[in-house]
Amino acid sequence: MHSRHKFLAGGGELGALMRGHDWSTSPLGDPADWPHSLRSIVSFMLNSKFPMFVAWGKELGFLYNDAYAEILGIKHPAALGHRFQDIWSEIWNDLTPLIEQALSGAGVFLEDMPLTMRRKGFDEQTWFTFSYSPVRDETSAVQGMGCVCIETTEKVLTDRRSREEYQRLHSLFQQAPGMMAVLRGPDHVFEIANDAYYRFVKRRDVIGKNIREVFPDLAGQVFFDLLDRVYATGERYLGMNVRIVLQPDPEKDTEERFFNFVCEPIRDAANQVTGIFYEGFDVTENMRITAALRESEAKFRTIADAMPQMVWSTLPDGYHDYYNQQWYDFTGAPPGSTDGEGWNDRFHPEDQARAWNTWKHSLETGETYEIHYRLRHHSGQYRWVLGRALPLRNDEGKIVRWMGTCTDVHDQKLTEEELKAVNRRKDEFLAMLAHELRNPLAPISTAAQLLKISATDERRVTHASDIIARQVTHMTKLVDDLLDVSRVTRGLVDLDIEPVDIKLVVASAVEQAQPLIEARNHSLNIRMGSAHTLVNGDRTRLVQILTNILNNAAKYTPQGGEITLSVCVDKTQVEISVSDNGIGIEKDLLPRIFELFTQAERTPDRAQGGLGLGLALVKSITQMHGGGVRAFSEGVGKGTTVSVTLPRLSEPVKTHQRISEGGSPRHSESSLDIMVVDDNIDAADALAELLSAKGHRVIVESDPRVALESAAAHPTKVFILDIGLPGMDGYDLARHLRARAENSNSLFIALTGYGQSHDKVLAKAAGFDHHFVKPMNAEKLNALFAKFTTA
């Protein structure tokens with residue numbers, strides 16, 4: 001470093017920059033040639049933490065320190081050594097008078113001077129506090145100027161915001177509707193008050209006076225004590241509807257007034273209370289109005305609670321804000337819980353949309369609200385009520401409130417609906433009965449006329465007589481059905497009660513319904529477990545119940561349908577269910593399906609016939625047995641399930657064994673040794689009789705474990721096994737028997753009520769050769785035996 005540059009030593013970043021700077025183009029020349037006075041000033045500036053610059057020479061070459069570099073922004077470091085005017089050209093006109101004053105030898109000081117500078121690539125408003133001082137050479141001649149400055153932009157903007165905020169708050173303070181005042185010191189001297197306060201005190205001179213001077217009439221009342229307590233404790237006080245007797249108008253007598261107000265302690269920097277901020281509202285008129293309203297409301301509530309109806313009221317927009325006691329007694333709702341739209345949850349779900357839409361229509365049009373809907377009673381029951389409301393209008397005709405009532409009309413509504421339903425069913429039944437009676441009368445009439453004209457034609461006479469006989473039989477059946485249902489529903493039938501095995505009832509009912517099921521090409525699946533199904537009942541009537549249900553399933557299922565009969569038991573009851581995939585039942589019809597003369601919608605063809613008596617008989621007879629009946633359907637086209645439940649007897653069916661040696665025809669080479677295992681004794685015996693009649697030797701067992709022992713003692717060629725057996729199902733029994741060497745060539749047949757495809761797979765896996773679904777098809781069984789004996 002040149003020895004004459006040593007004054008630039010140190011000086012931070014700018015000192016280093018100056019030492020390495022190319023001064024050849026600078027109006028200042030080489031620093032080595034600078035006069036001692038300039039070098040001294042530069043050395044001082046470079047080591048100062050204040051933003052400073054020096055402009056030297058005729059062209060005012062510009063030198064500055066690190067602190068000033070931040071003010072230059074993007075002009076640094078290119079500004080170093082260049083002309084002052086070129087660097088700050090955008091503010092040169094603002095600075096020229098000040099610069100000239102400094103160059104003339106006079107110092108300049110300005111505070112918060114506004115300058116629009118372009119130091120970051122764009123114009124920005126800034127403020128600076130600075131001083132300009134003349135810089136002299138060794139001869140005391142002014143050769144330049146120096147500047148010490150500080151940017152005050154943020155301070156100016158903050159002060160401006162503070163002033164604006166103060167003006168805004170002061171304006172709000174003055175314009176506030178409530179009375180506001182600031183009281184200073186323990187004597188509560190008025191320091192400031194707003195316009196509302198002056199209006200209340202009739203603009204008497206209050207500033208500088210303590211409150212006891214301004215309001216001497218408050219002496220002996222609570223207000224002065226409240227102020228003293230707030231000042232002493234520093235705790236806020238909130239007064240509501242405080243009664244004060246005072247004389248706000250000096251020209252009038254004292255009067256009773258009511259105020260809502262807050263007294264907030266004012267604290268200094270040391271957290272000491274120095275005053276109180278007071279804000280209050282004169283609520284005297286509101287108190288008078290409120291008192292009048294309370295008196296009127298008390299009278300209204302007394303009248304409303306004395307009425308037998310539920311009374312309610314809403315605001316013009318429909319917001320419910322009042323219910324009388326009858327409403328809460330009826331609904332059991334806690335007071336206030338149904339305000340607003342809370343009432344909507346009290347409606348029956350099916351009535352909510354209709355009631356809400358009707359109410360909205362009345363709110364929009366002002367029309368009277370009137371509707372029947374179901375309202376939830378405190379018991380949980382939905383009861384029919386008549387809802388009615390009228391609008392109350394002011395003098396201008398504007399609705400100011402709605403007044404409404406709810407009247408319990410449940411019993412009346414049900415009676416009306418029941419009378420309508422009874423009358424409708426009576427008309428339907430009479431029309432149906434007339435139709436059913438006319439059907440056989442038409443062929444009888446035709447046959448009678450045929451007898452008149454063909455008395456000598458024996459063939460025609462016989463044919464006509466047969467027609468008359470058949471139709472009379474049909475009419476007799478109709479009349480008998482009517483008489484039977486009449487006797488049953490009136491309790492005139494005696495039941496022959498005895499222990500009855502429901503499995504036998506199922507067998508008999510299936511036997512009676514089988515012709516209709518087969519005629520309509522339905523498949524019947526029977527599912528019964530191994531548990532005993534004893535009930536106390538009249539076997540004939542129980543068969544009648546199940547036959548009616550099966551016939552209904554067959555009639556109301558399209559050709560080729562599926563019917564499933566299942567029997568389930570638990571400790572206390574036996575449930576018999578018949579399911580089909582037929583036409584189903586409408587939702588509205590389900591609750592009435594077991595009533596007399598109830599049928600689905602009638603069509604002109606009357607394809608199914610009947611008087612609608614069957615399920616009514618089912619219900620009555622089931623109830624006479626201490627049981628119950630129910631129907632289920634997901635809707636039209638989705639099938640139906642009818643279930644009958646009867647009390648179960650605890651005594652089980654005993655194990656049964658019989659060896660059948662049918663007498664005819666005699667045994668031949670095609671005769672087989674057969675074992676039938678089925679816990680349904682009647683079914684097993686009937687099958688054994690059939691097989692014996694074909695010349696086979698048959699052993700019948702009802703217990704699978706006994707069957708295993710019997711098979712070991714009696715070589716058997718054919719095993720016909722039920723699947724639902726007690727203690728061990730038919731699959732396990734087949735596996736045990738098949739595992740014995742002597743049965744390796746035997747024929748295993750599964751005979752069961754389970755006929756699904758997966759049931760057949762299970763049977764195959766267990767070792768069965770064939771799978772038959774009950775009831776057994778005798779022809780197919782004989783064909784299978786014939787094929788087996790010739791194999």
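Preceding block: the structure.
Predicted model, so just to flag it, every value in this text is computed and none were measured.

Draft legend 1. Structural view of the overall build of the protein chain. Each helix and strand in the protein chain was counted, giving 22 helices and 28 strands. Looking at the 791 residues of the protein chain, the share that counts as buried comes to 43%. Partitioning the intrachain contacts of the protein chain with sequence separation of at least 6 by distance along the chain shows that 57% fall at a separation of at least 24. Counting every atom, the protein chain has about 42000 Å² of accessible surface; 52% of that belongs to carbon and sulfur.

Draft legend 2. Molecular detail of helix α1 (residues 12–19). Of all the positions in α1, only Leu 14, Gly 15 and Met 18 are classed as buried. For α1, the angular spread of buried residues about the axis comes to 105°, placing them on one side. Contacts made by the buried residues of α1 are with α2 (36–46), β2 (61–64) and α3 (66–72).

Draft legend 3. Looking closely at the sheet that holds β2. The five strands lie next to each other as β2-β1-β5-β4-β3, forming an open sheet whose pairing is antiparallel. Both edges of this open sheet fall to β2 and β3 (108–117), since each of them pairs with a single strand only. Geometrically, the sheet is characterised by an average inter-axis angle of 30° between neighbouring strands, direction not taken into account. Where strand β1 (residues 52–56) lies against strand β5 (residues 142–151), five bridges are found, and the strand directions are antiparallel. Bridge assignment links Phe 53 to a residue of β5, and that residue is Cys 147.

Draft legend 4. Structural context of the layout of surface pockets. Reported here for the second largest pocket is a volume of approximately 600 Å³. Taken together, 29 residues line the second largest pocket, and the ones lying closest to its centre are Ala 507, Ala 683, Lys 774, Pro 775 and Met 776. The set of elements that each furnish at least two residues to the lining of the second largest pocket consists of α15 (502–519), β17 (523–528), β24 (673–677), α18 (681–693) and β26 (718–721). Counting residues per element, the lining of the second largest pocket draws most heavily on α15, which supplies nine residues.

Draft legend 5. The arrangement of the environment of Ala 79 in detail. On the secondary structure map, Ala 79 appears in the loop between α3 and α4 (84–87). Ala 79 sits ten residues away from Ala 69 along the chain, and the two C-alpha atoms are 9.3 Å apart. The contacts of Ala 79, once residues within four sequence positions are left out, are Phe 62, Tyr 64, Leu 72 and Ile 87.

Draft legend 6. Representation of the packing of α15 against helix α16 (residues 539–555) in the model. Between α15 and α16, whose axes approach to 8 Å, the crossing angle comes to 40°. Here α16 runs oblique to α15, going by the angle between their axes. At the point where α15 passes α16, the crossing takes the right-handed sense. Side by side, α15 and α16 meet where Ile 502, Leu 504, Val 505, Val 506, Ser 508, Ala 509, Val 510, Gln 512, Ala 513, Leu 516 and Ile 517 of the first sit next to Arg 539, Leu 542, Val 543, Leu 546, Thr 547, Leu 550, Asn 551, Ala 554 and Lys 555 of the second. Grouping the constituent residues of the contact of α15 with α16 by class yields 14 nonpolar, four polar and two charged.

Draft legend 7. Focus on the pairing of strand β6 (residues 179–184). For β6, a buried count of five out of six residues is recorded, marking the element as mostly surrounded by other parts of the structure. Pairing of β6 with strand β10 (residues 273–282) involves six bridges; the strand directions are antiparallel. Residue Ala 181 lies in a different strand from β10, and its bridge partner there is Tyr 278. Looking at chain direction, β6 and strand β7 (residues 189–193) are connected through four bridges and run antiparallel. Across the sheet, Val 182 pairs through a bridge with Ile 192, a residue of β7. Between β6 and the antiparallel strand that follows it, β7, lie four residues; Gly 185 among them carries a positive phi value of about 75°.

Draft legend 8. Molecular detail of the nonpolar core. Counting residues in hydrophobic clusters, the biggest one holds 46 residues, and the most contacted among them are Val 42, Leu 63, Tyr 64, Phe 84 and Tyr 132. Look past the residues within four positions of Tyr 64 in its chain and what remains in contact with it is Leu 14, Met 18, Met 45, Leu 46, Met 52, Phe 53, Ala 69, Leu 72, His 76, Pro 77, Ala 79 and Leu 80. Listed in part, the 38 residues of the second largest apolar core include Ile 517, Val 543, Leu 617 and Val 644.

Draft legend 9. Structural context of unusual backbone geometry. Look at the link from His 76 to Pro 77: it is a cis peptide, with omega at 10°. When you line up the elements, Pro 77 lands in the loop between α3 and α4. Even without a glycine there, the phi angle at Ser 140 is positive, about 75°. Mapping Ser 140 onto the fold places it in the loop between β4 (124–136) and β5.

Draft legend 10. Expanded view of the pattern of salt bridges. Within the structure shown, the criterion is met by 28 salt bridges. Here Asp 679 ties to Lys 503 by a salt bridge, and the two come within 2.6 Å at their closest N and O atoms. Here Asp 679, found in the loop between β24 and α18, pairs with Lys 503, found in helix α15; they are 176 residues apart in sequence, far enough to count as distant. There is no split in this pair, since Asp 679 and Lys 503 are both buried. Of the charged contacts in the structure, one is a salt bridge between Asp 673 and Arg 697, with a shortest N-O distance of 2.6 Å. You can see Asp 673 sitting in strand β24 and its partner Arg 697 sitting in strand β25 (residues 697–701), a full 24 residues away along the chain. For Arg 697, a relative accessible area of 25% corresponds to the partly exposed category. Among the ionic contacts, a cluster of salt bridges with common partners joins Glu 350, Asp 351, Arg 354 and Arg 374.

Draft legend 11. Quick peek at the side chain of Arg 383. Here Arg 383 is to be found in strand β14 (residues 382–393). Within the structure, the side chain of Arg 383 is placed 2.9 Å from the side chain of Asp 408, a separation counted as a polar contact. Those residues in contact with Arg 383, other than ones at most four positions away along the chain, are Phe 330, Tyr 373, Arg 374, Leu 375, His 377, Asp 408, His 410 and Asp 411.

Draft legend 12. Looking closely at α15. Across its 18 residues, α15 extends 26 Å between first and last C-alpha, which sits within 8% of the 26 Å expected from 1.5 Å per residue. Along α15, the largest kink reaches about 50° and is centred on Ala 513; proline Pro 515 follows within four residues of it. Turning to α15, its buried residues number three or more, namely Ile 502, Lys 503, Leu 504, Val 505, Val 506, Ser 508, Ala 509, Val 510, Ala 513, Gln 514 and Ile 517. Backbone nitrogen of Lys 503 and a side-chain oxygen of the N-cap are separated by 3.0 Å at the start of α15; the cap is Asp 501.

What counts as what
Residues numbered from 1 in each chain as written. Predicted model: local features only at pLDDT ≥ 70, side-chain atom pairs only at ≥ 80, totals over all residues. Heavy atoms only, no water. Helix = DSSP H or I, 4+ residues; strand = E, 2+ residues; numbered from the N terminus. Buried < 20%, exposed > 50% of the residue type's maximum accessible area, 1.4 Å probe, protein only. Contact = heavy atoms within 4.5 Å. Areas by Shrake-Rupley, 256 points an atom, 1.4 Å probe, with all protein chains shown as cover. Arc of directions from axis to C-beta. Pairing = 2+ DSSP bridges. Axes fitted to C-alpha atoms, helices over the stretch in contact; angles between N-to-C directions. 1 Å grid on protein atoms, 1.4 Å probe; cavity = no way out; pocket = protein on both sides within 12 Å on 5 of 7 lines; lining within 4 Å. Points joined across faces, edges and corners; volume = space filled by probe spheres on them. Parallel < 35°, antiparallel > 145°, perpendicular 65-115°, else oblique. Left-handed = near helix turned anticlockwise from the far one by under 90°. Nonpolar A, V, L, I, M, F, W, Y, C, P; charged D, E, K, R; others polar. Core = buried A, V, L, I, M, F, W, Y, C linked by side-chain atoms within 4.5 Å. Salt bridge = Lys/Arg side-chain N within 4 Å of Asp/Glu carboxyl O. Polar contact = N/O pair within 3.5 Å; in protein donor to acceptor, adjacent residues only side chain to side chain. Expected span 1.5 Å × (residues − 1). Bend = angle between axes of the 7 residues up to and from the residue.

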